[in-house]
Amino acid sequence: MRKSLILAGFLGLSLCAFSAQADEKPLFITVVKSTGFNWFKRMEVGVKEFGKENNVNAVQVGPSKADSAMQLQSLEDAISQKPKALMVVPLEAQSLEAALGKAKERGMIVVTHESADIKNADYDLEAFDNAAYGRHLMEEMAKRMNYEGQYAVFVGSLTQTTHNAWVDAAIALQKEKYPKMELVGTKNESHDDVAKAYQITKDLLKTYPKLKGIQGSDALDVVGAGQAVEEAGLGGKLSIVGTSIPSYAGDLIKAGTVSLITCWDPALAGEAMNKVALLISEGKKITNGMDLGVPGYEKITLSGKVIYGSAWLDMDKSNIDKYDF
C-alpha cells in the first residue's frame, strides 16, 4: 500500500511537472468549421507543424459537423481556456462576432480566415484576392463552355463572405465579357453538404436541360454536382469547376466529370494564420510585402486588416496526382 501511495505521489508530481512545462508554451487554438472535413484535417497538419517549429502549444478544435451553433460553442470553449491567440475559420461570421469581441476584450489575439469583412479580429488572412479568384474560376468555366450557354453557381451559404465574393466577381466578369452566357436561377446554397449539392444539381438538370456549366464554392459542391451529372449520363458534357481538394474530387477529375478544381493548401493557411498571431504576440508589425515564411505567403498584400497571399492551385487531369490531400 505504501509503495502504491509513493508511486501515485511520484506520478502525480510528474504529471504536474509535465503540465507546468506545457503551460510554459503559449496556447494557440485554431477553431475550424468542422473537424470531420478532410479540408480541416489537412489544416490541422499545418497547425501542428507550426507548433513544433515555434515552440507553441498549437491545437485545432471545432464541431463534428458544419453547424454555426456548434461552432459558436467550440469557440466559447476555446475562449474559456484563455489562449494567447485564437485562429478562427467562421462558418457564419456574424454568429461569432460577439464571442470574438469578448476574446479581444480579454486580450486574446484573433486572426480569422475566409472572412474578410470580420469586425472583431486583429487580421483576416486570405489565400488570395477573392475577386481575382472568382474571375479566374469564371474564365476557366467559360473557356470550357466555349463562352456561351447556361450556367449555375453554388455557395455554401448566403452568409459565407468568401464564397459570395468569388461568385459575385465571377458573375460580374461574365456579364462584362461573355454576353452569350446566361446565369440561371440564383445562388444555390449547399450548406457544406454534398447531398444537398447533389439534389440541387439534379433539380437544375431537370429545370434547365441545356445547362452547360456549374461553378462551385464549397469544397463539396463540385462533388455533389459531379455525382448528379454522372448519374444523368452527362459526364464530360458540362463544365464543372470550383473549389475542392483531390481527396474529395480526384476521382471525378480523373473520370472527366469535373473539369477543374482550384484550392489553396489548408495546411499552409493554418500555418500562416498562426504565424501572423505569433508575430503580433512578439510585438512585430504586419506590413505590406512582408514574407510570412510560408509558401504562397512570401509577399503578402495588406489592405486594412486583410492579408492576401497568392496561394491558389489549379488541378485537372494533368496534375491531380501530384497532390495528396
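Preceding block: the structure.
The structure contained in this document is the topic of the report that follows. Just so you know, the residues in each chain are numbered from 1, in the order the chain's sequence is written. Since the coordinates come from a predicted model, pLDDT governs what is reported: local features require at least 70, and pairs of side-chain atoms require 80 or more to be given and counted, while whole-chain, interface and lining totals use all residues. Note that the side-chain values use all heavy atoms of the structure and ignore hydrogens as well as water.

The nonpolar side chains of a soluble globular protein tend to be buried, and buried together. Core analysis: the largest hydrophobic core is formed by 65 residues, its most contacted members being Trp264, Leu292 and Tyr297. Think of it this way: any DSSP run of H or I at least four residues long counts as a helix, any run of E at least two long counts as a strand, and we number them from the N terminus. At 7 residues, helix H10 (residues 266-281) tops the list of elements feeding residues into this core. In what follows, residue pairs with any heavy atoms lying within 4.5 Å of each other are defined as contacts. For Tyr297, the residues in contact, after removing those within four places along its chain, are Leu125, Glu126, Ala127, Trp264, Leu268, Ala269, Ala272, Met290, Asp291, Leu292, Gly309 and Ala311. Here, the term nonpolar core denotes a set of buried Ala, Val, Leu, Ile, Met, Phe, Trp, Tyr and Cys residues that are joined through side-chain atoms within 4.5 Å. Three labels apply to residues, based on accessible area from a 1.4 Å probe with only protein chains included: buried if under 20% of the type maximum, exposed if over 50%, partly exposed otherwise in between. Counting 17 residues, the second-largest nonpolar core is a separate cluster that includes Leu27, Ala103, Met108 and Ile118.

With that settled, consider helix H6 (residues 161-177). Here H6 spans 24 Å end to end across 17 residues, near enough to the 24 Å set by a 1.5 Å rise per residue. Listed in full, the buried residues belonging to H6 are Thr162, His163, Asn164, Trp166, Val167, Ala169, Ala170, Ile171, Leu173 and Gln174. Tucked inside the fold, the buried residues of H6 contact strand E5 (123-126), helix H5 (130-144), strand E6 (149-155), strand E7 (181-183), strand E9 (211-216) and strand E10 (239-243). In this scheme, a helix's expected span is set at 1.5 Å multiplied by one less than its residue total.

Here we take up the sheet that holds strand E3 (residues 85-88). Paired strands are those between which DSSP finds at least two bridges. Pairing in this open sheet of 7 strands is mixed, and the strands run E2-E1-E3-E4-E5-E13-E12 from one edge to the other. The sheet is open, and its two edges are formed by strand E2 (57-61) and strand E12 (301-303), each paired on a single side. Pairs of neighbouring strands in the sheet enclose a mean axial angle of 20°, with direction left out of account. Relative to strand E13 (residues 306-308), E12 runs antiparallel, the two being bridged by 3 bridges. In this analysis, axes come from line fits to C-alpha atoms, helices being fitted only over the stretch in contact, and the angle between any two N-to-C directions falls in the range 0 to 180 degrees.

The next thing to look at is the pattern of salt bridges. The salt bridge criterion pairs a side-chain nitrogen of Lys or Arg with a carboxyl oxygen of Asp or Glu, the two atoms within 4 Å. Across all of its chains, the model carries 12 salt bridges by this definition. In this structure, the salt-bridge partner of Glu140 is Lys143, at a minimum N-O distance of 3.3 Å. Of the two residues, Glu140 and Lys143 are both situated in helix H5; the distance of 3 residues between them amounts to about one turn of the helix. In this structure, Arg144 engages Glu140 in a salt bridge whose closest nitrogen and oxygen atoms are separated by 2.6 Å.

By themselves these figures say nothing about function.
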